[in-house]
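# Analysis of the macromolecular model
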Amino acid sequence: LPVDGLKLLFYSQVLSGAIAPLLILTLLYICNNRKIMGQAVNSLWDNFWGAAAALVMIGSLVFLAVNYFF
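Scope of this entry: the structure provided in the associated data block. (Residues numbered from 1 in each chain as written. Predicted model: local features only at pLDDT ≥ 70, side-chain atom pairs only at ≥ 80, totals over all residues. Heavy atoms only, no water.)

With that settled, consider the packing of helix 1 (residues 5-31) against helix 3 (residues 44-69). Running from N to C, helix 1 and helix 3 point in directions that differ by 150°, and their axes come no closer than 9 Å. Judged on the interaxial angle alone, helix 3 and helix 1 are roughly antiparallel. The two elements helix 1 and helix 3 meet at a crossing, and its hand is left-handed. Taken together, the residues of helix 3 that come into contact with helix 1 (itself represented by Tyr 11, Val 14, Gly 17, Ala 18, Ala 20, Pro 21, Ile 24, Leu 25 and Leu 28) are Asp 46, Asn 47, Gly 50, Ala 51, Ala 53, Ala 54, Met 57, Ile 58, Leu 61, Leu 64 and Tyr 68. Taken together, the residues of the contact of helix 1 with helix 3 break down into 16 nonpolar, three polar and one charged. (Axes fitted to C-alpha atoms, helices over the stretch in contact; angles between N-to-C directions. Helix = DSSP H or I, 4+ residues; strand = E, 2+ residues; numbered from the N terminus. Parallel < 35°, antiparallel > 145°, perpendicular 65-115°, else oblique. Left-handed = near helix turned anticlockwise from the far one by under 90°. Contact = heavy atoms within 4.5 Å. Nonpolar A, V, L, I, M, F, W, Y, C, P; charged D, E, K, R; others polar.)

Next up, the structure:
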């Protein structure tokens, strides 16, 4: 292939990191839905740490985008 394999691996991981916060937020939505989870819904601390992880990942993605494109 005319494309460097290491660049493909790098960009696939960047895409994976960009999608991860969306997956975390989707998981939080599902874990807080009593219709799906019943009595096993997330606690306040679970929601706090899940949201914190998503915010850190979104912040890292913004930092990467700003440093890469600007």
